[in-house]
Amino acid sequence: MTGYPTALGASSRESITLLGTDLARDVMGTVGFGELAFWLATQRRPTPGETRVFEAVLAALADHGFTPTAIVTRLTYLSAPDSVQGALAAGLLGGGSRFLGVTEDCGRFLHDVLTSVEGGLPTDDAGWDALALETVTAQRAARRFVPGLGHHVHKDGDPRTPRLFQIAAEEDLLGPHLALFAAIGRVHPQVLGKTLPLNGAGVCGAALADLGLPLELLRGFALLARTAGLIGQLAEELRHPVANEVFLSVDLANRSVAPDPYVPDPLPNTDPTGGRRG
């Protein structure tokens, strides 16, 4: 038997080893949770600057009010108060392409653009603007959205975005993903004919990508952050419940309508009533 190698947690009768260190002696009370989460994902200990940027991302994504993820967590707890894990899981399962998933979508999108550049990355704002203009133009021609561009609430600017740029710059960690994202913010009005904000989820994805974190796990970090927010939502629900009112506002407002049968799109060369065309 070859065994199952891991650099993560391993236990003996006397101790617990984590990332090559003694958990009780070297980690507990010494390493913060954000630093540890980064360390676990990369198996290298982050610098203080990397930890600051990473924890700023976690703070940015922890909670954003009564989003669908928060509402479903509260409603699930209302339905099954014996299952905190179910309520949290319900909220996390709602982290997708419209909420939270943008973090990963934006990081991956920016990375794909950067890896397709031939002859080296830009070295000044003019070069980044040219790359961004080409990128936004291509997305518009393909009728695809630019991940991280636009917000349904913060239409005049997401307050998280400039702050995260500032923190990354202060720690000398404003890398190519953030540089390209900033350039997209500057040039997209030329292509779209309107100005949209760079949203917080998108800038978080760019920052995480610049930290060298696995692109496949960027949504996982967003969910890690939102877990703390959902615990906060449950804690508030215990003290100041609103879930039942939300439920009743929908249930008591329902109205009966006639059935609207589903009709599938007809296949080529077929009669919608069921007979084949000759």
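Conventions we followed
Residues numbered from 1 in each chain as written. Predicted model: local features only at pLDDT ≥ 70, side-chain atom pairs only at ≥ 80, totals over all residues. Heavy atoms only, no water. Pairing = 2+ DSSP bridges. Helix = DSSP H or I, 4+ residues; strand = E, 2+ residues; numbered from the N terminus. Salt bridge = Lys/Arg side-chain N within 4 Å of Asp/Glu carboxyl O. Buried < 20%, exposed > 50% of the residue type's maximum accessible area, 1.4 Å probe, protein only. Lys, Arg positive; Asp, Glu negative; His and termini not counted. Polar contact = N/O pair within 3.5 Å; in protein donor to acceptor, adjacent residues only side chain to side chain. Contact = heavy atoms within 4.5 Å. Expected span 1.5 Å × (residues − 1). Axes fitted to C-alpha atoms, helices over the stretch in contact; angles between N-to-C directions. Parallel < 35°, antiparallel > 145°, perpendicular 65-115°, else oblique. Left-handed = near helix turned anticlockwise from the far one by under 90°. Nonpolar A, V, L, I, M, F, W, Y, C, P; charged D, E, K, R; others polar.

1. Comments concerning the sheet that holds strand 2 (residues 16-18)
Next up, step 1: Across the sheet, 3 strands lie side by side as 1-2-3; this open sheet has antiparallel pairing. The strands lining the two open edges of the sheet, one partner per strand, are strand 1 (10-11) and strand 3 (21-22).
Next up, step 2: Relative to strand 3, strand 2 runs antiparallel, the two being bridged by 2 bridges. Residue pairing in the sheet places Leu18 in a bridge with Thr21 of strand 3.

2. Let's talk about unusual backbone geometry
Next up, step 1: In the Ramachandran plot, Gln43 falls in the positive-phi region, its phi being about 60° despite a non-glycine side chain.
Next up, step 2: Tracing the backbone shows Gln43 in the loop between helix 2 (33-42) and helix 3 (48-61).

3. Brief notes about the pattern of salt bridges
Next up, step 1: Per the stated rule, a full pass over the model turns up 12 salt bridges.
Next up, step 2: Two residues, Arg74 and Glu236, come together in a salt bridge whose shortest N-O distance is 2.6 Å. Of this pair, Arg74 sits in helix 4 (residues 68-79) while Glu236 is found in helix 11 (residues 218-239), placing the two residues 162 residues apart along the sequence.
Next up, step 3: In this structure, the salt-bridge partner of Arg186 is Asp129, at a minimum N-O distance of 2.7 Å. Of this pair, Arg186 sits in helix 9 (residues 176-192) while Asp129 sits in helix 7 (residues 125-141), and the two are 57 residues apart along the sequence.

4. Digging into the side chain of Asp22
Next up, step 1: The residue Asp22 is located in strand 3 in this model.
Next up, step 2: With no salt bridge to any partner, buried Asp22 finds its closest opposite charge in Arg25, at an N-O distance of 4.0 Å.
Next up, step 3: Within the structure, the side chain of Asp22 is placed 2.8 Å from the backbone nitrogen of Arg25, a separation counted as a polar contact.
Next up, step 4: If we skip the residues at most four places from it in the chain, Asp22 touches Ser15, Ile16 and Val27.

5. Focus on helix 3
Next up, step 1: Over its 14 residues, helix 3 runs 20 Å from end to end, which matches the ideal 20 Å to within 8%, given 1.5 Å per residue.
Next up, step 2: Where burial is concerned, most of helix 3 is hidden: 10 out of the 14 residues are buried.
Next up, step 3: Looking at helix 3, one finds that the buried residues are Gly49, Glu50, Thr51, Val53, Phe54, Ala56, Val57, Leu58, Ala60 and Leu61.
Next up, step 4: Buried positions along helix 3 lie against helix 2, helix 6 (102-116), helix 8 (160-170), helix 10 (200-210) and helix 11.

6. Quick look at the packing of helix 3 against helix 10
Next up, step 1: Remark: helix 3 packs on helix 10, axes separated minimally by 10 Å, with the N-to-C direction vectors making an angle of 160°. With respect to their mutual orientation, helix 3 and helix 10 come out roughly antiparallel. Regarding helix 3 and helix 10, the two cross each other, and that crossing is left-handed. Along its contact with helix 3, which presents Val53, Phe54, Val57, Ala60 and Leu61, the element helix 10 presents Ala201, Cys204, Ala207 and Leu208.
Next up, step 2: Taken together, the residues of the contact of helix 3 with helix 10 sort by class into 9 nonpolar, no polar and no charged.

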